[in-house]
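Descriptive structure summary
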Amino acid sequence: MTLPKADPPGTTRLASLAPPLYDKRACGGLDDTPAGVTDRDELIAHLGRTTLHGCVNRDFTKSYRRTQDGRSVPRLYRVDSEALGKCEYVMLTNKQRATVLVVDIDQPGTPGGHPTNLAEDVRVAFLQLLDHNLGPAWVGINPQSGKAQAIWLIDPVYAGEQGKSSPMSLLAATSRALGELLDHDPHFAHRFSRSPFYTGDSPTAYRWYRQHGRVNRLGDMIREVRAMSGQAQHEKNPRQQFSSGRELINAVRTRREEAQTFKTIADEVDGEIAGELDQYDPELIDGVRVLLIRQGRAARDETAFRHALKTGHRLRKAGERMTDTALIDAYEHAYKVAQRVGADGRDEEMPPLRDRQTMARRVRGYVIASKTNEYGNSSSPGRATSSERKALSTMGRRGGKKAAERWNNTDSEYAQNERRKLEAANKKRALGGRVGARQIANFFDDHMFQTGNYPTIPQAMKEFGVSRPTVKRALKKAGITLPRGRPKAEK
């Protein structure tokens, strides 16, 4: 027979059987009493709804039904019906009206479903909110993972049919501020959330705990939360006060001149130090950032192209010409560096000169069409963009062979679609050429009609931004013959 262990000195058998005291910090300051029927009735009264859009499980397609005319409408449940208690998910807000703010806390804790099972950081955040009188009204806890959802009662906010209004924007900003403090799920859609009205016996259903019935103002909430987390407060731009219109014009002119001066100085400094900083970058090898497919194997074509693109941005920023020679030299230099660092047993396969010239033209086009003058992104590690990959495909041997195989099968759907696209593009190009030719001819006729003399070909080239052969072809089609010899100088 095994005897029971003796009690510690100074204790009694009755004291050893007493339940543990409520630990405020261990619960994050939250009440550990499960919500009851009266609590749910108070929440329904605050929502001000007679029906709610619910769903029995995570298959949200079942939360909609088809009408006789084929339209899809939400499946609504009366708030006093037993059917609502069978829905694990419910939509507490809609795009036109919201009376609660829901935050999905994605940080896992421990199994159990009590406030003590929340993650330590979440409990600390709840304590901070409670110290500022900003604690949630309801908290639901996942009994398996320790994740949670918190609900705050707010003054109702409204929006139009499109769901957009200033109060709704304030609601979204407050949700983000609270969510960042509680390590929320940024992809939470704020539509279907766990239902605090669920009364079933699902093992994954959230355990809900009502804390209070206080209603918060969004403006006060977001100010307090931003002050707690050290975020910048939103301040409206103060209106400028000027005694006269001339004073306003002078102030704007002064600001513009200062901004232009600063931009000029910044561009000059950036152009001077950009190249020098590369030598201090530990990730660069001879000024080139080598991109690796795996350890010891470099992506030679992509490395070379990105370095050429970076060089093009720098040349443009410095006000220099992006010549084919400069871009090709940069490409070749980067390719050889990548070959030296990550050949991985491969022979050097430098693309032919014609492909390198095509690369230079495309790089020049990308730089000119770029919406930003920054070139730092061009040298950052990572995957190439789709436009960069199109340029790389020019030199891709395997891709060229695969494209040739698709084109050779003229009866395939791919070849037929591409041929239709090509025909449409050719028609559009031909139409544009005819329109341009008529405009050039009209320019010569109009000049002759007004001045009595034809303009020169260089004048037409400058007017329309075309080449000399294009102007000559347009004149030939229109039957216009220019006088031979040099035009007489105007006195």
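Everything discussed here concerns the structure shown above.
A short tour of the structure in this document, coming up.

So, how was this worked out
Residues numbered from 1 in each chain as written. Predicted model: local features only at pLDDT ≥ 70, side-chain atom pairs only at ≥ 80, totals over all residues. Heavy atoms only, no water. Helix = DSSP H or I, 4+ residues; strand = E, 2+ residues; numbered from the N terminus. Buried < 20%, exposed > 50% of the residue type's maximum accessible area, 1.4 Å probe, protein only. Polar contact = N/O pair within 3.5 Å; in protein donor to acceptor, adjacent residues only side chain to side chain. Contact = heavy atoms within 4.5 Å. Pairing = 2+ DSSP bridges. Axes fitted to C-alpha atoms, helices over the stretch in contact; angles between N-to-C directions. Parallel < 35°, antiparallel > 145°, perpendicular 65-115°, else oblique. Left-handed = near helix turned anticlockwise from the far one by under 90°. Nonpolar A, V, L, I, M, F, W, Y, C, P; charged D, E, K, R; others polar. Core = buried A, V, L, I, M, F, W, Y, C linked by side-chain atoms within 4.5 Å. Expected span 1.5 Å × (residues − 1). Salt bridge = Lys/Arg side-chain N within 4 Å of Asp/Glu carboxyl O.

Digging into the side chain of asparagine 117
Structurally, the position occupied by asparagine 117 is in the loop between β6 (97–105) and α3 (120–131). Accessibility expressed as a relative area gives 11% for asparagine 117, which makes it buried. Within the local environment of asparagine 117, its side chain forms a polar contact with the backbone oxygen of proline 111, the two atoms lying 2.9 Å apart. The residues touching asparagine 117, leaving out its near neighbours within four places in the chain, are Gly109, Thr110, Pro111, Gly112 and Gly146.

Some words on the sheet that holds strand β4 (residues 76–78)
Taken in spatial order, the four strands line up as β4-β1-β5-β9 in an open sheet, and their pairing is antiparallel. Two strands in the sheet have a free side with no partner beyond their single neighbour: β4 and β9 (192–194). Across this sheet, the average inter-strand angle for adjacent strands is 50 degrees, counted without regard to direction.

Quick word on the packing of helix α8 (residues 324–342) against helix α9 (residues 353–369)
For any two helices packed against each other, one specifies the crossing angle of their axes together with the interaxial distance. Contact geometry of α8 with α9 gives a least axis separation of 9 Å together with a crossing angle of 110 degrees. With respect to α9, the axis of α8 lies roughly perpendicular. Between α8 and α9 the crossing geometry is right-handed. Judged by residue contacts, Asp324, Leu327, Ile328, Tyr331 and Glu332 of α8 engage Leu353, Arg356, Gln357, Met359, Ala360, Val363 and Arg364 from α9. Class assignment of the residues belonging to the contact of α8 with α9 gives a composition of seven nonpolar, one polar and four charged.

A short note on the nonpolar core
Of all hydrophobic cores here, the largest spans 29 residues; its most connected members are Leu101, Ile105, Phe126, Trp152, Leu171, Leu178 and Leu182. Within the residue set of this core, elements represented by two or more residues are β6, α3, β7 (138–141), β8 (148–158), α4 (166–182) and α5 (218–229). Leaving out residues up to four positions away in the same chain, leucine 171 has contacts with Ala98, Leu101, Ile154, Val157 and Leu218. Of all hydrophobic cores here, the second largest spans 21 residues; its members include Ala298, Ala304, Leu315 and Val337.

Here we look at helix α7 (residues 300–317)
Here α7 is 18 residues long and its end C-alpha atoms lie 26 Å apart, about the 26 Å a rise of 1.5 Å per residue gives. Burial runs high along α7: 14 of the 18 residues are buried. One or two residues past the end of α7 sits glycine 319, with phi positive at roughly 80 degrees.

Some remarks on the pattern of salt bridges
Two side chains of opposite charge can pair, provided their charged atoms sit close to one another. Within the structure shown, the criterion is met by 16 salt bridges. In this structure, glutamate 42 and arginine 210 form a salt bridge, with 3.0 Å as the shortest nitrogen-oxygen distance. Taken together, the residues glutamate 42 in helix α2 (residues 37–47) and arginine 210 in strand β10 (residues 207–210) connect sequence positions 168 residues apart. Looking at glutamate 42, the relative accessible area reads 39%, which means it is partly exposed. Its salt-bridge partner being arginine 78, residue aspartate 80 comes within 3.6 Å of it at the nearest N-O pair. For the residue pair aspartate 80 and arginine 78, the accessibility class agrees, reading exposed in each case.

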